[in-house]
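Close look at the chain arrangement
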Amino acid sequence: YGAYRNDPSANPGLPVGAAAPAPYVNLVDPGFRTPSIWKASASYRRSLGDRLTLTGTLLYTRTTDDYMYTDRNLRATPAFTLSNEENRAVFVPATTIDAQGRTLNANALASSQLGRVLELTNTGDGTQYAEILEGTALLPRGIALTGSYTHNNANDNTTFGCCLARTSTTFTAIKSDPRDLSGSWGPSDTDFRHKFVVAGSIPLGWGVLLGGRYVGTNGRTFSAIVNGDINGDEATSNDLAFVFDPDDPTTPPAVAASMRKVLDNPRNVARDYLRANLGHIASRNGAFAPWTERIDARLAKTIHTLRGQSAEIGLDVFNVANLINHNWGAEYDLPIGISNQNPVVQRIPLLNVVGFNQTTHQYLYTVNENFGVLQKTGNPYQIQLAVRYGF
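Predicted, not measured: the structure shown is a model, and the values here were computed from it.

Glancing now at the overall build of the protein. Secondary structure summary: the protein contains 5 helices and 19 strands in total. Dimensions of the protein along its principal axes, counting C-alpha atoms only, are 80 × 60 × 40 Å. In the protein, which comprises 391 residues, the proportion classed as buried is 38%. Of all intrachain contacts in the protein linking residues separated by at least 6 positions in sequence, the fraction that spans at least 24 positions is 69%.

Structural data, given as structure tokens:
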């Protein structure tokens, strides 16, 4: 490596006669701190007779100094702003944006002698709280039931936790300047609001036990983004989309017509999210995919053998509703449409960059008219036969 630094032309992979590229740098903030997580919980349990128990739990978590990467070689101030998109910052000069609306990150850098300079720092922040109500009932004839309801709320300005420095800027949706995460505050990428769980078992006699479980929860969060790098920070899927109002006379006619189709589409689960952001840059993770449900069932028989030992034969059916009807028990997610997408994070293109107007300094877009339309995913039913011997 010392030889490579002394003579960059000797670096493997560098074409003969080509100039050495500007170095890509990773560094650590001198004041970097280990993130801190503060947790608090309180629980109250009350037994109502011998058969019913109720438990209430409160949970709170506060995360400070969470880690994030910041590009220290991005120019200090924007080269210009998009006047028709709430003055969104663009860090490359308008003259360097081609007719197709493509930007080059090298034109957004403060120093041409360096490439991206990503510094590990502590700009992440988050909170989470949850209320949980649980109940357990022991009914006659050995019937047992448990149930719980969870109301959860998790918010942060970045849910980055994997894997490289570049992925931090790719996986965190931003409104304007990628160094300013204040506009990214919103529901966490893994947030959910409501969850029900019900489980029970019924002895059928002759050592046979029938059990089941129901889990229902609202879907994951997602954001409306631009398919393209409009601010020049090198990430092509982290810019939150400006939600053009079709009734605004300044909205281009083709965009307005497409936006009306999107807002009027009854299959679009994000219509309320878009309407709440009309005329503004969309909020991060402001929409939720619909409710998902799953039912699992288990039938088990215990056979007593010698000296207190026993064998259990079990039949498990996971996602049993899907066994009955292939349209039941499915999860419905939104088509991502972006390659190399984090499976936990959903940012769906609302706008596609198709050009740039050098006169008005405005991007030209087409609208994804299928925004918010679901596709069926999830695991189909599974059947498992198991034998367990206890001694």
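Anyway, onward from the coordinates.
Considered as a void within the structure, the largest pocket measures approximately 390 Å³ in volume. Of all the secondary structure elements, the ones that give two or more residues to the lining of the largest pocket are strand E10 (208-217), strand E13 (292-304) and strand E15 (331-333). Of the residues in the lining of the largest pocket, the class split is 6 nonpolar, 9 polar and 7 charged. Approximately 290 Å³ is the volume found for the second largest pocket. As for the second largest pocket, its lining consists of 16 residues, of which Thr 61, Thr 63, Thr 127, Gln 128 and Asp 156 are closest to the centre. Those elements that place two or more of their residues in the lining of the second largest pocket are strand E3 (52-71), strand E6 (117-138) and strand E7 (144-156).

Another aspect to go through is the pattern of salt bridges. All chains considered together, the criterion is met by 20 salt bridges. One salt bridge in this structure joins Arg 284 and Asp 156, with 2.9 Å as the shortest N-O distance. One end of the pair, Arg 284, is in the loop between helix H4 (271-276) and strand E12 (287-288); the other, Asp 156, is in strand E7, and 128 residues separate them in sequence. Given the relative accessible area of 8%, Asp 156 is considered buried. Several salt bridges converge on common partners, so that one network encompasses Asp 71, Arg 116, Arg 166 and Glu 234.

Evaluated as defined, the whole model comprises 1 cavity of 30 Å³ or more. Lining the largest cavity are Tyr 69, Thr 70, Asp 71, Arg 116, Thr 169, Pro 178, Arg 179 and Asp 233. For the lining of the largest cavity, the residue count by class is 2 nonpolar, 2 polar and 4 charged.

Okay, the side chain of Asp 316 next. Tracing the backbone through its elements, the reader meets Asp 316 in strand E14 (residues 310-318). At 2.7 Å, the side chain of Asp 316 and the side chain of Arg 298 are in polar contact. Not counting the four nearest positions on each side in its chain, Asp 316 is found in contact with Ala 297, Arg 298, Gln 382, Ile 383 and Gln 384.

Considering all chains together, one arrives at 12 aromatic pairs under this definition. Pairing Tyr 69 with Phe 160 gives two aromatic rings, centres 6.2 Å apart and planes at 75 degrees, and the pair type is edge-to-face. Taken together, the positions of Tyr 69 in strand E3 and Phe 160 in the loop between E7 and helix H2 (165-171) put the pair 91 residues apart, joining distant regions of the chain. Phe 160 carries the same exposure label as Tyr 69, and that label is buried. Plain terms: the ring middles of Tyr 389 and Phe 391 are 6.1 Å apart, the flat faces sit at 35 degrees to each other, and that makes the pair tilted. Taking relative accessible area as the criterion, Tyr 389 reaches 42% and is therefore assigned partly exposed. Ring pairing ties together the aromatic residues Phe 80, Phe 242, Phe 244, Phe 356, Tyr 363 and Tyr 365, which thus form one cluster.

Bringing the nonpolar core into the picture now. Of all hydrophobic cores here, the largest spans 40 residues; its most connected members are Leu 350, Tyr 363 and Phe 371. Within the residue set of this core, elements represented by two or more residues are strand E4 (80-82), strand E5 (88-90), strand E11 (221-227), helix H3 (253-264), H4, strand E16 (347-357) and strand E17 (362-367). Residue contributions to this core peak at 5 residues, all from E16. Setting aside its immediate chain neighbours within four residues, Leu 350 contacts Ala 224, Ile 225, Ala 241, Phe 242, Val 243, Met 259, Leu 274, Thr 366, Val 367, Asn 368 and Phe 371. Among the nonpolar cores identified, the runner-up in size contains 8 residues, and Leu 120, Phe 160, Ile 174 and Leu 181 belong to it.

Right, let's get into the sheet that holds E17. Read across the sheet, 4 strands follow the order E12-E11-E16-E17 without closing on themselves; strand pairing throughout is mixed. The two strands at the open ends of the sheet, each matched to only one other strand, are E12 and E17. In terms of strand pairing, E11 meets E16 through 5 bridges, oriented parallel. For Ile 225, the partnering residue across the bridge sits in E16 and is Pro 349.

Conventions adopted
- Chains are numbered independently. Their residues run from 1 in the order of the written sequence.
- Owing to the predicted nature of the model, reporting of local features is limited to residues with pLDDT of at least 70; listing and counting of side-chain atom pairs is limited to 80 or more, with chain, interface and lining totals taken over all residues.
- Hydrogens and water are ignored here; the side-chain numbers use all heavy atoms of the structure.
- In DSSP terms, a helix is any run of H or I states spanning at least four residues, a strand is any run of E spanning at least two, and both are numbered starting from the N terminus.
- A 1.4 Å probe rolled over the protein chains alone gives each residue an accessible area, and that area as a share of the maximum for its type sets the label: buried under 20%, exposed over 50%, partly exposed in between.
- Here a residue-residue contact requires only that any non-hydrogen atoms of the pair lie within 4.5 Å.
- Points on a 1 Å grid over protein atoms alone make up a cavity when a 1.4 Å probe fits among them but cannot get out, and a pocket when they form an open set with protein on both sides within 12 Å along at least five of seven lines; lining residues each have an atom within 4 Å of a point.
- Grid points are joined across faces, edges and corners, and a volume is the space filled by probe spheres set on the points.
- Gly falls in the polar group here, along with every residue not listed as nonpolar (Ala, Val, Leu, Ile, Met, Phe, Trp, Tyr, Cys, Pro) or charged (Asp, Glu, Lys, Arg).
- The working definition used for a salt bridge is a side-chain nitrogen of Lys or Arg within 4 Å of a carboxyl oxygen of Asp or Glu.
- Polar contacts, as used here, are pairs of N or O atoms within 3.5 Å; protein pairs need one atom able to donate a hydrogen and one able to accept it. Residues neighboring in sequence count only if both atoms are side-chain atoms.
- To pair, rings of Phe, Tyr and Trp, with the six-membered ring standing in for Trp, must have centres within 6.5 Å; the planes then decide the type, stacked if under 30 degrees apart, edge-to-face if over 60, and tilted in the middle.
- Think of a nonpolar core as a cluster: buried Ala, Val, Leu, Ile, Met, Phe, Trp, Tyr and Cys residues, connected wherever their side-chain atoms sit within 4.5 Å.
- If DSSP finds at least two bridges between two strands, the strands pair.

Any functional reading would require information beyond the geometric quantities listed.
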